[in-house]
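# Commentary on secondary and tertiary structure
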Amino acid sequence: MVSGPTDIGILADPAQRARYQHLAGQLRCLVCQNQTLADSNAELAADLRLQVEKMIVAGRSDDEIKSYLVDRYGNFVLYRPPMQESTWLLWLGPFALLAIGVLVWWRAQRRARPAAETTTDLERARRLLGD
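What comes next is a walk through the structure.

Conventions used here
- Residues numbered from 1 in each chain as written.
- Predicted model: local features only at pLDDT ≥ 70, side-chain atom pairs only at ≥ 80, totals over all residues.
- Heavy atoms only, no water.
- Helix = DSSP H or I, 4+ residues; strand = E, 2+ residues; numbered from the N terminus.
- Buried < 20%, exposed > 50% of the residue type's maximum accessible area, 1.4 Å probe, protein only.
- Contact = heavy atoms within 4.5 Å.
- Areas by Shrake-Rupley, 256 points an atom, 1.4 Å probe, with all protein chains shown as cover.
- Salt bridge = Lys/Arg side-chain N within 4 Å of Asp/Glu carboxyl O.
- Phe/Tyr/Trp six-rings, centres within 6.5 Å; stacked < 30°, edge-to-face > 60°.
- Lys NZ or Arg CZ within 6 Å of the ring centre and 35° of its normal.

Right, let's get into the overall build of the protein. Along its length, the protein carries 4 helices and 0 strands. In the protein, the succession of α and β elements from N to C terminus is α-α-α-α. Taking all 131 residues of the protein together, the buried fraction comes to 24%. Pairs at least 24 residues apart make up 50% of the contacts formed inside the protein by residues separated by at least 6 positions. Total accessible area on the protein is roughly 9,600 Å²; 58% of this is exposed by carbon and sulfur atoms.

On inspection of all chains with the given rule, the structure shows 1 salt bridge. A salt bridge links Asp62 to Arg19, with the nearest nitrogen and oxygen atoms 2.5 Å apart. Here the residue Asp62 occupies a position in helix 3 (residues 62-73), and Arg19 occupies one in helix 1 (residues 14-26), the gap between them amounting to 43 residues. Using a relative accessible area of 24% as the deciding quantity, one classes Asp62 as partly exposed.

Our next topic: the environment of Val70. Here Val70 lies in helix 3. Residues Val70 and Leu27, 43 residues apart in the sequence, show an inter-C-alpha distance of 9.9 Å.

Along the chain, the position of Asn75 falls in the loop between helix 3 and helix 4 (88-129). Distance from Asn75 to Ser86, taken between C-alpha atoms, is 9.9 Å for residues 11 residues apart in sequence.

Here the focus is the packing of aromatic side chains. Tallied over the full model, the rule gives 0 aromatic pairs. A cation over an aromatic ring shows up here: Arg28 above the ring of Phe76, its NZ or CZ 4.7 Å from the ring centre.

Written out as structure tokens, the structure is:
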């Protein structure tokens, strides 16, 4: 895969560039969906990158920039959306599936053991009785 765009058009200050790179790494490309804003070559991503640069130059904080983008595009624009009622399943679903898998495995193991132990007990009883 080709490395994403690295040019930062209107930011002259190295601190602003570093802040921009950090922010662009936390935002998702709305077209590519599996790439950060910093890595995407999509036209919409370029527009969003320029918009983020302009907001940095205007003196907006990182939280203000993220809030603006979330208000406009929804939580999907964040690579790590906050836990809310609408996203709790995404956050907790993998753990719930893991817990269910462990429970099924544990129950299967418990059911297999008594059958093996019962057979052993029956064999012992037959030997003692001389059958």
